[in-house]
Amino acid sequence: MSTESSPLLSYRLFSVVDEGEMPSSRAQEEAPLVGGGIGPLGPPQPDPARRLSTFFGVVVPTVLSMFSIVVFMRVGFVVGHAGFLQSLLMLVVAYVIILLTVLSVCAICTNGAIQGGGAYFMISRTLGPEFGGSIGLMFYLANVCACGVYVLGLVEAVLDVFGADGTDPPGAHALPQGYFYSFLYGSLVLLLCLLVCLVGARIYARAAFLIFLVVNLVLLAIFLSFFVVGPRPVPVARDVNHTFNTSFTGFRLDTLRANLHAMYSRDYTTNNVMTFATVFAVMFNGCTGIMAGSNMSGELRNPSSSIPKGTIIAVVYTFVIYFLLFFMTSFTCERTLLKEDYGFFRSINLWPPLVLVGVYAASLSASMSSLIGASRILHALAKDDLFGIILAPAKIVSKGGNPWVAVLYTWALVQVVLFAGKLNTIAGIVTVFYLVAYAAVDLACLLLEWASAPNFRPTFQLFSWHSCLLGIASCLLMMFLISPAGASGSLVLMLALLGFIHLRAPASSWGYISQALIFHQVRKYLLLLDVRKEHVKFWRPQMLLMVANPRSGAQLIRFVNDLKKGGLFVLGHVEIGELDTMPSDPIQAHYNFWLSLVDKLNVKAFVDLTLSPSVRQGTQHLLRITGLGGMKPNTLVLGFYDTCVPEDYFLHDPAFSQARENDHFGVDLPALQAHFPTVRGASTLKALLASEYVSIISDAVKMHKNVCLARYFPLLDKERLFSKAGRAEGRFVDVWPLNLLRPDTPAYVDVCSLFLLQLACILTMVSSWRAARLRLFLCVESGDRGWVGKEEKLKELLSKLRIKASIQTVTWDHVVALHGQRQAGGEPFLNAAAQRVTDEYLAAVNALVLKQGGQVAVRFLYLPRPPADTSLYERYLEQLEILTRDLGPTLLVHGLTPVTCTEL
């Protein structure tokens, strides 16, 4: 079949290299990794620590962990109380739960290279260091406690036969018993496990394989016994004075019918009445070892392939064994035997001591598996430096790659656990901790699937977000079913650890799934944000603040952050230059510094930088392209153009003068200080001409953007203004809605006036500004008898707009007199009549504004349009300078869009 006619596309990667340009072997060795996954050419060097195959590294430890002691000591308990049908239901439900988690594990494992740490590595590299560290530590503690449980279980099984107070017939009772003796025996067993694990994973794999053979030999003997051993009475002794017989009937339909249905009663070991939930919890404990193979990920030759294959094989194998044991037990044993003797396999076996060997071997293997698995998790936690110097020694490994210090750490903790003696309560918590880890793996896979990241393409495809979500729900349900108190405590512990790691852990390079999810959802919502559906009722300011140097503009940045009212806030900056003359774009390297600045100032702002031959062209670029869809700036904010020498804000603010830990993404304080140039001196010429500055304002108006000019904001000190003393004196936000350069303008309620009134109201709605009171100034002439009506109309308007403000009436006859002859109409600055706005008039207006009583925090003034004649730009700027001279923090506002609404 030709390529053209084939429905399947085949991709081939060709490398074309001239013969004279073939890379040398040295160059191949030094070639850096690209994207974290493609290495240098040539055969990879084998890792001495990675020697285990799928069978020895995954299948064997997983099977042994899933069997442990349950397969020999609790099959009769489950069938005796629940009956065959409910036992089968429990088995199916339990394996559906763990299979859902196995599917998630397989998906994550086949999506990239897996290193040491097993479940911790998967969770941390997917959900980030906070979730990974907290759940990883809980999973580690679960393995530590589980190791203690298995060791003590083995000790109890030995003492039950060989102890002085054992229940077996006399003659075998040789070992002294008691609390300290149990601790001694447990310590000896744990020492044996320690010696095996210290040698390394290879000797552990060999020992585990031998135990695997023994356990399977015992299981084979049990299955043969069902067929070979004939019906017999089985004595059951509860104490020395009470012995009764029950029966092993062989395969009989009557026995199966009698064992079909549930018959819950008291458990002879605890004297508690059993229920479906309690029996299911005990049976489920035998299925929680599915991560044993994953914990060996650092020793596997090919973990991405071995973990999925080996875990699935182990799950299928153990399911078949459990099903056969349930079925054969229900077919051959009377219910009384199952309820009263949980170790009945010995009584019906061809050679009873063989079952004891299986019990001891299974318990020993589970202990070793938990010890070595926990040490690998601890080693991975230590390498990631999530808990600091406490775990630093656990990074040490032997020449063969064995983390022997982590093994010693884990052995010491298990020794502490052995002091408890009896771990019935902890055993339930252990299972809960395991389930938390399993739920986290399902969550990691679910979020990867929901994020729709192109790089999430696992080769294992037998999963979906439905299976992940069902796995999470199943694990949480089982947690509360097994131990409500333990489940609640584990979640509280996880949240506490998550908060601790979030506060102290440095930023990681693993990637954050939260960012992928946010991107995925924001894209959807931006597409839904239709600019054609905008309404004035839901208008909000979306600010583009042009920043020349943040050293002198930090106060203004914080002020605009208060003014945005949940809207878009973008910091814009123009680098002067031509890309054609540069080897690469210099802008990209600057983003990290600006983002770190945003972190330092603690503002909610985006950053947009551009390279342009002039500030004017760069501002035009940013006004056109900043934002996306309905999230685009509608207001341009500029610092005022004057000759004041700016103050270096970085020298006074504690955020910039004191180094703090955990500066994100490697941009530390010295580097941040060095990146932004020092402020210009008094003799330094400004890079921006006055005419270009006014042209930027004119461009913004032409592009239908609102404009704000901010002056004297370096003088704004919110902490002093709104301290207890400041609130007692009273602080004001003043609004002058009249165009003070056009005193003949009759309207107080044009679009621009309402715009600056809206901005002032928004400022007083911010929590940190609520102590300020809003004042609205009405300028009247003594001969104007209509001013009372104007005041009433303003009050009515404020009431309709739900703006709480006091109206201050100001007589300004002496100011208006300086304006000269009234103009018949037309825009200011269009002709020679514009010169009638004299400096004397502007100084008088400035004095009028200044003499209003009270401590004014910010003033909002009407900003007229720039003149159409570009030759008048400098005069326009001079007039604004005189108007706002010494007024303190002042915002000149020119609004073009309706922003207020009286409708519901």
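In this text, all values refer to a predicted model and were calculated from it rather than measured experimentally.

### Section: the overall build of the protein chain
Phase 1: Per the secondary structure count, the protein chain includes 32 helices and 12 strands.
Phase 2: Counting all 904 residues of the protein chain, 52% fall into the buried class.
Phase 3: Here the analysis covers contacts within the protein chain between residues at least 6 apart in sequence; of these, 81% occur between residues at least 24 apart.
Phase 4: Counting only carbon and sulfur atoms, one obtains 62% of the accessible surface of the protein chain, whose full area is about 42,600 Å².

### Considerations on the packing of helix H22 (residues 615–625) against helix H25 (residues 690–702)
Two quantities define a packed helix pair, namely the angle between the axes and the distance from one axis to the other.
Phase 1: Packing of H22 against H25 brings their axes to within 9 Å, and their N-to-C directions diverge by 20 degrees. Classified by the angle between their axes, H22 and H25 sit roughly parallel to one another. Where H22 crosses over H25, the handedness of that crossing is right-handed. Residues Val615, Arg616, Thr619, Gln620 and Leu623 of H22 pack against Glu692, Ser695, Ile696, Asp699 and Ala700 of H25.
Phase 2: Here the contact of H22 with H25 is composed, by residue class, of 4 nonpolar, 3 polar and 3 charged.

### Topic: the packing of helix H7 (residues 179–199) against helix H15 (residues 404–418)
Phase 1: It is the contact of H7 with H15, at a shortest axis distance of 10 Å, that shows an interaxial angle of 165 degrees. What the angle tells us is that H7 and H15 run roughly antiparallel. H7 and H15 meet at a crossing whose hand is right-handed. From H7, Phe183, Gly186, Ser187, Leu190, Leu194, Cys197 and Leu198 reach across to H15, where they touch Trp404, Val407, Leu408, Trp411, Val414, Gln415 and Leu418.
Phase 2: Tallied by class, the residues present in the contact of H7 with H15 amount to 11 nonpolar, 3 polar and no charged.

### Topic: the pattern of salt bridges
Phase 1: In the structure shown here, the tally under the stated rule is 13 salt bridges.
Phase 2: The residue Asp254 makes a salt bridge to Arg252 at a minimum N-O spacing of 3.7 Å.
Phase 3: Judged by its relative accessible area of 47%, Asp254 falls in the partly exposed class.
Phase 4: Take Arg252: its relative accessible area is 42%, and that puts it in the partly exposed class.
Phase 5: Residues Arg775 and Asp734 are paired through a salt bridge, measuring 2.8 Å at the closest nitrogen-oxygen approach. Separated by 41 residues along the polypeptide, Arg775 in strand S9 (residues 772–780) and Asp734 in strand S8 (residues 731–736) bring together distant segments of the chain. Per residue, the accessibility class of Arg775 equals that of Asp734, and both read buried.
Phase 6: Counted as one network, the salt bridges with shared partners bring together Asp642, Arg711, Glu881 and Arg885.

### Description of the sheet that holds S8
Phase 1: Judged by pairing direction, the sheet is mixed, and its 10 strands sit side by side in the order S5-S4-S3-S6-S7-S12-S11-S8-S9-S10 without closing on themselves. The outermost strands of the open sheet, each flanked by one partner alone, are strand S5 (606–612) and strand S10 (806–811). Direction aside, neighbouring strands of the sheet carry axes that sit 25 degrees apart on average.
Phase 2: Relative to strand S12 (residues 890–894), strand S7 (residues 706–711) is paired through 5 bridges, and the arrangement is antiparallel. When the bridges of S12 are listed, Ala710 appears paired with Leu891.

### Quick notes on helix H4 (residues 75–109)
Phase 1: A rise of 1.5 Å per residue sets the reference length of H4, with its 35 residues, at 51 Å; its end C-alpha atoms lie only 33 Å apart and thus fall more than 12% short of the reference.
Phase 2: If you look at H4, its biggest bend is around 115 degrees, right at Gly83.

### What about the packing of aromatic side chains?
Phase 1: Applying the stated criterion across every chain, the model contains 29 aromatic pairs.
Phase 2: With 5.6 Å between their ring centres and 75 degrees between their planes, Phe139 and Tyr434 make a pair best called edge-to-face. Of this pair, Phe139 sits in helix H6 (residues 129–162) while Tyr434 sits in helix H16 (residues 424–451), placing them 295 residues apart in sequence. Assigned by exposure class, Phe139 and Tyr434 land together as buried.
Phase 3: Both rings, one in Phe344 and one in Phe345, keep their centres 4.5 Å apart while their planes meet at 40 degrees; by these two values the pair is tilted.

### Digging into unusual backbone geometry
Phase 1: Backbone geometry places His704, a non-glycine residue, at a positive phi of 60 degrees.
Phase 2: According to the relative accessible area criterion, His704 is partly exposed, its value standing at 49%.
Phase 3: The phi angle at Arg802 is positive, at roughly 60 degrees, despite the residue not being glycine.
Phase 4: Within the secondary structure, Arg802 sits in the loop between helix H29 (787–800) and S10.
Phase 5: Overall, the relative accessible area of 56% leaves Arg802 in the exposed class.

### A look at helix H2 (residues 54–67)
Phase 1: Taking 1.5 Å per residue, 14 residues should reach 20 Å; H2 reaches 19 Å between its end C-alpha atoms and fits that length.
Phase 2: Within H2, 11 of the 14 residues are buried, which leaves the element mostly enclosed by the surrounding structure.
Phase 3: Looking at H2, one finds that the buried residues are Gly57, Val58, Val59, Val60, Pro61, Thr62, Val63, Leu64, Ser65, Met66 and Phe67.
Phase 4: Tucked inside the fold, the buried residues of H2 contact helix H3 (70–73), H4, H6, helix H8 (201–228), helix H11 (303–332) and helix H14 (353–383).
Phase 5: Ser68 sits one or two positions beyond H2 and adopts a positive phi of about 45 degrees.

### Quick notes on the pairing of S9
Put simply, side chains in a regular strand alternate between the two faces of the sheet.
Phase 1: Within S9, 8 of the 9 residues are buried, which leaves the element mostly enclosed by the surrounding structure.
Phase 2: As paired elements, S8 and S9 share 5 bridges and run parallel to each other. By the bridge assignment for S9, Val735 is matched with Leu776.
Phase 3: Pairing of S9 with S10 involves 6 bridges; the strand directions are parallel. Counted as the bridge partner of Arg775 is Ser806 from S10.

### Remarks on the side chain of Gln555
Phase 1: Inspection of the secondary structure assignment puts Gln555 in helix H20 (residues 550–563).
Phase 2: Those residues within four positions of Gln555 in sequence are excluded, and the remaining contacts are Tyr649, Phe713, Pro714, Leu716 and Asp717.

### Remarks on the confidence of the model for the protein chain
Do not read the predicted coordinates in detail wherever pLDDT is low.
Phase 1: Confidence in the prediction for the protein chain averages 80 pLDDT; 84% of positions are at 70 or higher.
Phase 2: Segment residues 821–834 is flagged for pLDDT under 50; beyond a separation of four residues in sequence, or across chains, it makes 20 contacts in the model.

### Section: the environment of Asp642
Phase 1: Structurally, the position occupied by Asp642 is in the loop between strand S6 (635–639) and helix H23 (654–657).
Phase 2: Separated by 44 residues in the primary sequence, Asp642 and Lys686 have C-alpha atoms spaced 9.5 Å apart.
Phase 3: Among the polar contacts listed, one links the side chain of Asp642 to the side chain of Arg711, at a separation of 3.4 Å.

### Structural notes on the side chain of His894
Phase 1: Residue placement: His894 occurs in strand S12.
Phase 2: Reaching out from His894, the side chain makes a polar contact with the backbone oxygen of Leu863 at a distance of 2.7 Å.
Phase 3: Apart from the residues lying within four places of it in its own chain, the contact partners of His894 are Val701, Asn706, Val707, Cys752, Leu863, Pro864 and Arg865.

### Focus: the environment of Cys109
Phase 1: Counting through the fold element by element, Cys109 comes out in helix H4.
Phase 2: The class of Cys109 is buried, set by a relative accessible area of 0%.
Phase 3: Distance in space between the C-alpha atoms of Cys109 and Ser297 is 9.8 Å, their sequence separation being 188 residues.
Phase 4: When residues no more than four places from it in sequence are discounted, the contact partners of Cys109 are Ile114, Met122, Ser304, Ile307 and Pro308.

### A short note on a nonpolar patch on the surface
Phase 1: Taken together, Leu217, Leu220, Leu224, Phe227, Val228, Phe251, Leu350 and Trp351 make up a surface patch of nonpolar side chains, about 830 Å² in accessible area.
Phase 2: Within the element layout of this structure, Phe251 appears in the loop between strand S2 (242–248) and helix H9 (253–258).
Phase 3: We classify Phe251 as partly exposed; its relative accessible area is 34%.

### Overview of the state of the cysteines
Phase 1: Taken as a whole and assessed by the stated rule, the structure comprises 0 disulfides.
Phase 2: With no disulfide of its own, Cys147 lies closest to Cys193 among cysteine sulfurs, the gap being 5.9 Å.

Cut-offs and rules
- Residues numbered from 1 in each chain as written.
- Predicted model: local features only at pLDDT ≥ 70, side-chain atom pairs only at ≥ 80, totals over all residues.
- Heavy atoms only, no water.
- Helix = DSSP H or I, 4+ residues; strand = E, 2+ residues; numbered from the N terminus.
- Buried < 20%, exposed > 50% of the residue type's maximum accessible area, 1.4 Å probe, protein only.
- Contact = heavy atoms within 4.5 Å.
- Areas by Shrake-Rupley, 256 points an atom, 1.4 Å probe, with all protein chains shown as cover.
- Axes fitted to C-alpha atoms, helices over the stretch in contact; angles between N-to-C directions.
- Parallel < 35°, antiparallel > 145°, perpendicular 65-115°, else oblique.
- Left-handed = near helix turned anticlockwise from the far one by under 90°.
- Nonpolar A, V, L, I, M, F, W, Y, C, P; charged D, E, K, R; others polar.
- Salt bridge = Lys/Arg side-chain N within 4 Å of Asp/Glu carboxyl O.
- Pairing = 2+ DSSP bridges.
- Expected span 1.5 Å × (residues − 1).
- Bend = angle between axes of the 7 residues up to and from the residue.
- Phe/Tyr/Trp six-rings, centres within 6.5 Å; stacked < 30°, edge-to-face > 60°.
- pLDDT = per-residue confidence, 0-100.
- Polar contact = N/O pair within 3.5 Å; in protein donor to acceptor, adjacent residues only side chain to side chain.
- Patch = residues over 30% accessible without salt bridge, like charges linked within 9 Å, V, L, I, M, F, W, Y side chains within 5 Å.
- Disulfide = S-S within 2.5 Å.

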